[in-house]
Amino acid sequence: MPLQRPAAPRGFSVMELMIVVTIILILAAIEIPNLMRARMAANQAAAVANLRTIEAAEITYAVTYNRGYTSTLAELGPSGQSASNRAAALIDGMLSSGRKDGYSYLYIPGPVVDGKVETYTVKAVPSMPCTTGDQYYSIDPANASSFLTQNFQAVVQQDFIAQVLKGSMGHGQTACSQ
């Protein structure tokens, strides 16, 4: 009877696989927070750009239709038909719906004088505070310094709705802890 060689081990041992998985998990734990911060920064930059787009569209609307500013954000968006004062097609459909790039946009028209909206305010609020963004933005062309940026804590101290949001976080949880 000829001598048989012991079978050569094939593949990886369980220990080697566990070491590889552990290394991957450690790298993921280091990089995922950086990825989330980068995504939040991108959302915040997009919110500022979207507010500037809305501001430019409002000016174009006021000049084009000679009706003052719009009474709703939807009036700046498309309708699928030719542009009119009810659907000017000056901004994209997502932005005219009030939600885009992790932010919600609240449009507040000013007083109506002689059938024209005289001013407006637009607020950009993170859709999920501390996840999609931690900065709140607003634009008000009636003020000389029309662009305002506030962090979550400053908004919570002066805004009732933000206080309710903070209250819904649960006890012991801080606003946008990093």
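Just so we're clear, the structure is a prediction, and the values are computed from it rather than from any experiment.

So, the packing of aromatic side chains
Summed over the entire model, instances satisfying the criterion amount to four aromatic pairs. Taken together, a centroid distance of 4.8 Å and an interplanar angle of 75° make the contact between Tyr69 and Tyr120 edge-to-face. Remark: Tyr120 occurs in strand β5 (residues 120–126) and Tyr69 occurs in the loop between α1 (14–65) and α2 (93–97); sequence separation between them is 51 residues. Judged by its relative accessible area of 1%, Tyr120 is buried. For the pair Tyr107 and Tyr120, a centre-to-centre distance of 5.7 Å together with 15° between the ring planes defines the contact as stacked. Placement of the pair is Tyr107 in strand β2 (residues 103–109) and Tyr120 in strand β5, with a sequence separation of 13 residues.

Quick word on the pairing of strand β6 (residues 135–139)
For β6, the tally of buried residues reaches five of five residues, placing the bulk of the element in the interior. Of the two faces of β6, the one holding Gln135, Tyr137 and Ile139 and the one holding Tyr136 and Ser138 are both buried throughout. As paired elements, β5 and β6 share three bridges and run antiparallel to each other. From the neighbouring strand, Lys123 faces β6, where its bridge partner is Ser138.

Description of the nonpolar core
Tyr105 and Val122 are the most contacted members of the largest nonpolar core, which has 21 residues in total. For this core, the elements supplying multiple residues, two or more each, are α1, β2, β5 and β6.

Looking at the pattern of salt bridges
Summed over all chains, the structure comprises two salt bridges. A salt bridge links Lys100 to Asp92, with the shortest nitrogen-to-oxygen separation between them at 2.7 Å. By relative accessible area, which is 19% here, Lys100 ends up buried.

Some details on the confidence of the model for the protein chain
When the pLDDT values of the protein chain are averaged, the result is 83; 77% of them are 70 or greater. Per-element confidence in the protein chain is highest for strand β1 (residues 99–100), whose mean pLDDT is 94, and lowest for helix α4 (residues 160–167), whose mean pLDDT is 50. Counting interchain partners and residues more than four positions distant, the pLDDT-below-50 stretch residues 165–174 has nine contacts.

Here's the deal with a nonpolar patch on the surface
A contiguous nonpolar patch, built from Val14, Met15, Met18, Ile19, Ile23, Ile26, Leu27 and Ile30 and spanning about 820 Å² of accessible area, is present on the exposed surface. Residue placement: Met15 occurs in helix α1. Judged by relative accessible area, which is 55%, Met15 ranks as exposed.

Considering the environment of Ser104
Topologically, Ser104 is positioned in strand β2. Given a relative accessible area of 19%, Ser104 falls into the buried group. Measuring from C-alpha to C-alpha, the distance between Ser104 and Met128 comes to 9.3 Å, with 24 residues separating the pair along the chain. Other than its neighbours up to four places away in sequence, Ser104 contacts Gly98, Arg99, Lys123, Ala124, Val125 and Ser127. At 3.1 Å, the side chain of Ser104 forms a polar contact with the side chain of Arg99.

Conventions we followed
Residues numbered from 1 in each chain as written. Predicted model: local features only at pLDDT ≥ 70, side-chain atom pairs only at ≥ 80, totals over all residues. Heavy atoms only, no water. Phe/Tyr/Trp six-rings, centres within 6.5 Å; stacked < 30°, edge-to-face > 60°. Helix = DSSP H or I, 4+ residues; strand = E, 2+ residues; numbered from the N terminus. Buried < 20%, exposed > 50% of the residue type's maximum accessible area, 1.4 Å probe, protein only. Pairing = 2+ DSSP bridges. Core = buried A, V, L, I, M, F, W, Y, C linked by side-chain atoms within 4.5 Å. Salt bridge = Lys/Arg side-chain N within 4 Å of Asp/Glu carboxyl O. pLDDT = per-residue confidence, 0-100. Contact = heavy atoms within 4.5 Å. Patch = residues over 30% accessible without salt bridge, like charges linked within 9 Å, V, L, I, M, F, W, Y side chains within 5 Å. Areas by Shrake-Rupley, 256 points an atom, 1.4 Å probe, with all protein chains shown as cover. Polar contact = N/O pair within 3.5 Å; in protein donor to acceptor, adjacent residues only side chain to side chain.

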